[in-house]
Amino acid sequence: TATVWEDFGDRAMSEERYGLARDALTAALHVRRSPALDLKAAKAALRAGSPPEVLTLAPMSEAGTDPAVAARDYLPLHVEALAAMGRGADAERLVAKYDKYLAPGQHERMARLLANAWVRGGDLQRARDALRAAGADADSSDAAGLLALYEGRLDIARRLLRTSQDQSADMALVMGIVSRV
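Each value, and the rule that gives it
Residues numbered from 1 in each chain as written. Predicted model: local features only at pLDDT ≥ 70, side-chain atom pairs only at ≥ 80, totals over all residues. Heavy atoms only, no water. Helix = DSSP H or I, 4+ residues; strand = E, 2+ residues; numbered from the N terminus. Rg over C-alpha atoms; globule rule 2.2 N^0.38 Å. Contact = heavy atoms within 4.5 Å. Areas by Shrake-Rupley, 256 points an atom, 1.4 Å probe, with all protein chains shown as cover. Lys, Arg positive; Asp, Glu negative; His and termini not counted. Charge placed at Lys NZ, Arg CZ, Asp CG, Glu CD. Patch = residues over 30% accessible without salt bridge, like charges linked within 9 Å, V, L, I, M, F, W, Y side chains within 5 Å. Salt bridge = Lys/Arg side-chain N within 4 Å of Asp/Glu carboxyl O. Core = buried A, V, L, I, M, F, W, Y, C linked by side-chain atoms within 4.5 Å. Buried < 20%, exposed > 50% of the residue type's maximum accessible area, 1.4 Å probe, protein only. Polar contact = N/O pair within 3.5 Å; in protein donor to acceptor, adjacent residues only side chain to side chain. Expected span 1.5 Å × (residues − 1). Bend = angle between axes of the 7 residues up to and from the residue.

Visitor: What is the right way to look at the overall build of the chain in this model?
Guide: Within the chain, the regular secondary structure consists of 11 helices and zero strands. Helices and strands appear in the chain in the N-to-C order α-α-α-α-α-α-α-α-α-α-α. Relative to the 2.2 N^0.38 estimate, which gives 16 Å for 181 residues, the radius of gyration of the chain is 17 Å and therefore close to what a compact globule would have. Principal axes of the C-alpha set define a box for the chain whose edges measure 50 × 40 × 20 Å. Relative to all contacts within the chain whose residues are 6 or more apart in sequence, the contacts with residues 24 or more apart total 49%. Summing over all exposed atoms, the chain offers an accessible surface of approximately 9,500 Å²; the carbon and sulfur share of this is 53%. Treating the 24 positive side-chain charges of the chain as one cloud and the 25 negative ones as another, the clouds have centres 2 Å apart.

Structure representation (structure tokens):
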């Protein structure tokens with residue numbers, strides 16, 4: 001049963017039907033838990049616009065005793081979920097805890113996610129600080145676009161957000177606002 005639900009969830013993910021994938025993969029988890037299945041279900045929940053579910057579907061405690069595995073597999077999902085919820089302080093604490101286990105490319109991504117979390121939480125100064133920590137490419141991130149929007153620089157916000165990969169309902173609302181103004 002779990003295999004059938006997982007296969008169905010995988011097909012739904014490949015077709016970008018994230019809500020359906022989340023439901024199918026969660027059903028598979030009720031039958032059989034595994035770290036790989038936890039991560040799939042959490043990713044589907046995040047893409048479906050349910051970031052709080054990430055924290056319960058793939059808790060950091062499921063990563064086991066290897067902090068490198070936690071940093072590689074679980075941390076990005078948790079930080080992205082916390083960022084989507086605007087919980088910058090929680091995301092920052094989590095990144096700090098696993099910082100020494102991050103691969104070099106992950107530091108920049110975590111800094112961008114932290115900036116996004118601070119923007120969503122309304123702390124623009126901390127968002128700027130996080131973008132500075134992210135380095136040169138940070139000026140083209142979604143967080144930089146949101147920051148420009150909140151500062152009233154619509155032309156820059158429009159240019160930066162036009163290429164956004166974020167498919168959340170919040171970003172769709174932001175894009176709607178930017179396109180109408």
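Visitor: Honestly, the environment of Pro-76 in this entry has me stumped. Any pointers?
Guide: Tracing the backbone through its elements, the reader meets Pro-76 in helix α5 (residues 67-84). Measuring from C-alpha to C-alpha, the distance between Pro-76 and Glu-6 comes to 22 Å, with 70 residues separating the pair along the chain. With residues up to four places along the chain from it excluded, the contact list for Pro-76 reads Ala-71, Gln-106, Arg-109, Met-110 and Leu-113.

Visitor: When you look at a nonpolar patch on the surface in this model, what are you seeing that I'm missing?
Guide: Judged by side-chain polarity, Trp-5, Phe-8 and Leu-20 come together as a nonpolar surface patch covering roughly 250 Å² of accessible area. Here Trp-5 shows up in helix α1 (residues 2-14).

Visitor: What is the right way to look at the nonpolar core in this model?
Guide: What tends to happen in soluble globular proteins is that the nonpolar side chains get buried as a cluster. Core analysis: the largest hydrophobic core is formed by 54 residues, its most contacted members being Leu-75, Val-79, Leu-94, Tyr-98, Met-110 and Val-174. Examining the composition of this core, we find that eight residues originate from one element, α5, more than from any other. With sequence-adjacent residues up to four places away left out, Val-174 is seen in contact with Leu-146, Leu-149 and Leu-161.

Visitor: Before we go on, may I ask you to explain the side chain of Glu-80 in this structure?
Guide: Within the secondary structure, Glu-80 is located in helix α5. Within the structure, the side chain of Glu-80 is placed 3.0 Å from the side chain of Arg-47, a separation counted as a polar contact. Leave out the neighbours within four places in its chain, and Glu-80 touches Leu-46, Arg-47, Arg-109 and Leu-113.

Visitor: What am I meant to see in α5 here?
Guide: Because each turn of an α-helix spans 3.6 residues, side chains separated by three or four positions in sequence point in the same direction. The terminal C-alpha atoms of α5, which comprises 18 residues, lie 24 Å apart, in line with the 26 Å expected from a rise of 1.5 Å per residue. Along α5, the helix axis deviates most sharply at Tyr-74, where the bend reaches about 50 degrees; the proline Pro-76 sits within four residues downstream. Here α5 has its buried residues at Ala-70, Ala-71, Tyr-74, Leu-75, Pro-76, Leu-77, His-78, Val-79, Glu-80, Ala-81, Leu-82 and Ala-83. Here the buried face of α5 lies against α3 (35-47), α4 (51-57), α6 (88-98) and α7 (104-121). The backbone nitrogen of Ala-68 has a side-chain oxygen 3.0 Å away, supplied by the residue at the start of α5, namely Asp-66. In the segment just after α5, Gly-86 is the residue with positive phi, at about 75 degrees.

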